[in-house]
Amino acid sequence: MTATGWPALRHPLFVRLWVGGIVSAVGTQMSNVAKVWVLFALTGSAAALGMEGLCFSVPMMLLPLLTGPLADRVDRARLLRWTMAAEAGLAAGLAVTATTGTLTPLLLYATAALEAARLAVDIPARGALIATVVPAEVLHSAQSLSSTVYSASALVGPAVGGLLLAAGQPSWVFAVNAVSCLVALAMFRGMPSPGRERHALPRLGDGLRFAARHRVLLALQAILLTSGALVIGVETLLPVLDTTLWHGGSLGYGLLRAAPGLAAIAAGLVLARGRAPVTPGRTIAWCVAAAAVALAAVPVAPWLPVAFVLLTLGSIAVSAAQVHTMTRLQQLVTDDVRGAIGGLTAMTMSGFAGVGAAAMALAAAGAGPTPVIAVVAAAAALTGLTALAKPRLPAPSGSSTANLDRCT
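Quick caveat: nothing in here was measured; it's all calculated off a predicted structure.

Rules of the game
- Residues numbered from 1 in each chain as written.
- Predicted model: local features only at pLDDT ≥ 70, side-chain atom pairs only at ≥ 80, totals over all residues.
- Heavy atoms only, no water.
- Helix = DSSP H or I, 4+ residues; strand = E, 2+ residues; numbered from the N terminus.
- Buried < 20%, exposed > 50% of the residue type's maximum accessible area, 1.4 Å probe, protein only.
- Contact = heavy atoms within 4.5 Å.
- Areas by Shrake-Rupley, 256 points an atom, 1.4 Å probe, with all protein chains shown as cover.
- Patch = residues over 30% accessible without salt bridge, like charges linked within 9 Å, V, L, I, M, F, W, Y side chains within 5 Å.
- Salt bridge = Lys/Arg side-chain N within 4 Å of Asp/Glu carboxyl O.
- Axes fitted to C-alpha atoms, helices over the stretch in contact; angles between N-to-C directions.
- Parallel < 35°, antiparallel > 145°, perpendicular 65-115°, else oblique.
- Left-handed = near helix turned anticlockwise from the far one by under 90°.
- Nonpolar A, V, L, I, M, F, W, Y, C, P; charged D, E, K, R; others polar.
- Core = buried A, V, L, I, M, F, W, Y, C linked by side-chain atoms within 4.5 Å.
- Arc of directions from axis to C-beta.
- Polar contact = N/O pair within 3.5 Å; in protein donor to acceptor, adjacent residues only side chain to side chain.

## Brief notes about the overall build of the chain
Okay, step 1: Counting its regular elements, the chain contains 15 helices and zero strands.
Okay, step 2: A total of 408 residues make up the chain; the buried ones form 51% of that total.
Okay, step 3: Across the chain, the fraction of contacts at a sequence separation of at least 24, relative to all contacts at a separation of at least 6, is 84%.
Okay, step 4: Surface accessibility of the chain: about 17,300 Å² in total, with carbon and sulfur atoms responsible for 70%.

Next comes the structure, spelled out in structure tokens:
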């Protein structure tokens, strides 16, 4: 991997941010596997797993309204150091309680809520910082590489966490996560945060108010919501589809489940080598339409290999649409609201998209997966094709990238 192939890697501050994010995210995914395993071992209850997910999801749908604007008023690199230190502390606490036998379901619920609060600060600050450590012409490359962090960690982290669980105790997983956070924290040490720190208090909903004044930003959020809900919903329904249609067993399900992550990594690495499209709105619309067609065809695939190909192609298209959409968001906003818009994006992708996918699963229990996936795919395609069909909106005041009229 050379800087020649990926322009963003020519910028040392971005490299530190990207590699530190990968290290931290892998540790977090390892810890998530161990927490779910321990919680089920303690309770034997699926409802307990749902409660743990609820303790994470609710804060993620609310807190970014405040923590996003915080990233516009406090040094962003300093915020990331705080979030890394907080995760290291949480992981160390889990390691100690798991070792001493004092880890309880209540502690795991509390940890889930605290982890959501930490991410509600981390995600907007990290996204805003990326846009300020690389020049504008490299932003697309940086955003593309950043999109691979979650997908790569979601593949590697659970595998390593599972091996550590099989070889030892959950405390080992939590301890390794604490060490990974300290490594990431060391990479952020001394990292400057371009721009001046402002001392005004953050206002609740700054991002939502700004987006409401510039509707194209709401349209971009809608694209992230519908495309994210579609791909997560299809992933959620894979066990049902495999059991009723393809009968691939655990191996087949494992291959299908790995397809979206591998596709996202491949798409991110390929996109990172190029430049942002000249007409991003049209590119986003076509990517979403391609994703909708491919993913809607998954439940009617006659054989598992066909389903795998369709799922892979659809996931590549979703990843491309989301990279272009998030790059466009960064291009259209001013730096003084970059964190606030990042908070809104965190709510959309980490909160409401998951809720939409859960709603798909509930609807599929009654209507079946095929019509439900088809309806959501159609909604996503319409969002991609029509939400950006409102060019020449007024540019944000003071924006150095005031080019909203080129959204198509």
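## Topic: a nonpolar patch on the surface
Okay, step 1: Together, L251, L255, F308, V309, L313 and I316 line one region of the surface with nonpolar side chains, adding up to about 530 Å² of accessible area.
Okay, step 2: Counting residues per element, the ones that place at least two in the nonpolar patch are α11 (249-271) and α13 (304-332).
Okay, step 3: Examining the composition of the nonpolar patch, we find that four residues originate from one element, α13, more than from any other.
Okay, step 4: You can see F308 is positioned in helix α13.

## Details of unusual backbone geometry
Okay, step 1: A positive phi angle, near 55°, is found at H247, a position not held by glycine.
Okay, step 2: Along the chain, the position of H247 falls in the loop between α10 (238-246) and α11.
Okay, step 3: Take H247: its relative accessible area is 59%, and that puts it in the exposed class.

## Some details on the environment of L310
Okay, step 1: Position of L310 relative to the elements: it lies in helix α13.
Okay, step 2: Each C-alpha atom of the pair L310 and A296 lies 9.0 Å from the other, and the pair is 14 residues apart in sequence.

## As for the packing of helix α1 (residues 12-43) against helix α7 (residues 170-188)
Okay, step 1: One can describe the packing of α1 onto α7 by two numbers: an axis separation of 8 Å at closest approach and a directional angle of 165°. The orientation of α1 with respect to α7, classified from their angle, is roughly antiparallel. The handedness of the crossing between α1 and α7 is left-handed.
Okay, step 2: Counted by class, the contact of α1 with α7 contains 14 nonpolar, eight polar and two charged residues.

## Topic: the nonpolar core
Okay, step 1: By size, the foremost hydrophobic cluster in this structure holds 47 residues, and its most contacted members are L217, W246, L295, V298 and L311.
Okay, step 2: Counting residues per element, the ones that place at least two in this core are α8 (206-213), α9 (215-236), α10, α11, α12 (280-297), α13, α14 (338-367) and α15 (369-386).
Okay, step 3: In terms of nonpolar packing, the next biggest core, distinct from the first, is built from 29 residues, L17, A125, A142 and A184 among them.

## Considerations on the environment of V293
Okay, step 1: By the element assignment, V293 lies in helix α12.
Okay, step 2: For V293 and L313, which are 20 residues apart along the polypeptide, the C-alpha to C-alpha distance reads 9.8 Å.

## A closer look at the pattern of salt bridges
Okay, step 1: The final tally for this structure, using the stated rule, is five salt bridges.
Okay, step 2: Note that E87 and R118 form a salt bridge whose closest N and O atoms lie 3.2 Å from each other. With E87 in helix α4 (residues 76-100) and R118 in helix α5 (residues 105-133), this pair connects stretches of sequence that are 31 residues apart.
Okay, step 3: The buried category is assigned to E87, whose relative accessible area is 3%.

## Things to note about the packing of α9 against α14
Okay, step 1: Between α9 and α14, whose axes approach to 7 Å, the crossing angle comes to 40°. Remark: the crossing between α9 and α14 carries right-handed chirality. Residue-level inspection shows L217, Q221, L224, L225, G228, A229, L230, I232, G233, V234 and T236 of α9 in contact with α14, the latter providing I341, L344, T345, T348, M349, F352, A353, G356, A357, M360 and A361.
Okay, step 2: Here the contact of α9 with α14 is composed, by residue class, of 15 nonpolar, seven polar and no charged.

## Notes on α10
Okay, step 1: Buried within α10 we find L238, L241, D242 and W246. Angularly, the buried residues of α10 cover 95° about the axis, an arc narrow enough to put them on a single face.
Okay, step 2: At the exit of α10 stands H247, carrying a positive phi of roughly 55°.

## Overview of the side chain of S153
Okay, step 1: By secondary structure assignment, the location of S153 is in helix α6 (residues 139-167).
Okay, step 2: Residue S153 is classed as buried on the basis of its relative accessible area of 1%.
Okay, step 3: Those residues within four positions of S153 in sequence are excluded, and the remaining contacts are A25, V26, Q29 and P158.

## Things to note about the side chain of T83
Okay, step 1: Here T83 shows up in helix α4.
Okay, step 2: Separated by 2.9 Å, the side chains of T83 and D122 make a polar contact.
Okay, step 3: Look past the residues within four positions of T83 in its chain and what remains in contact with it is R118, V121 and D122.

## With respect to the environment of A98
Okay, step 1: As for its position among the elements, A98 is in helix α4.
Okay, step 2: According to the relative accessible area criterion, A98 is partly exposed, its value standing at 26%.
Okay, step 3: Along the backbone, A98 and Q169 are 71 residues apart, and their C-alpha atoms lie at a distance of 8.4 Å.
Okay, step 4: Excluding anything up to four places from it in sequence, A98 contacts L103, S171 and F174.

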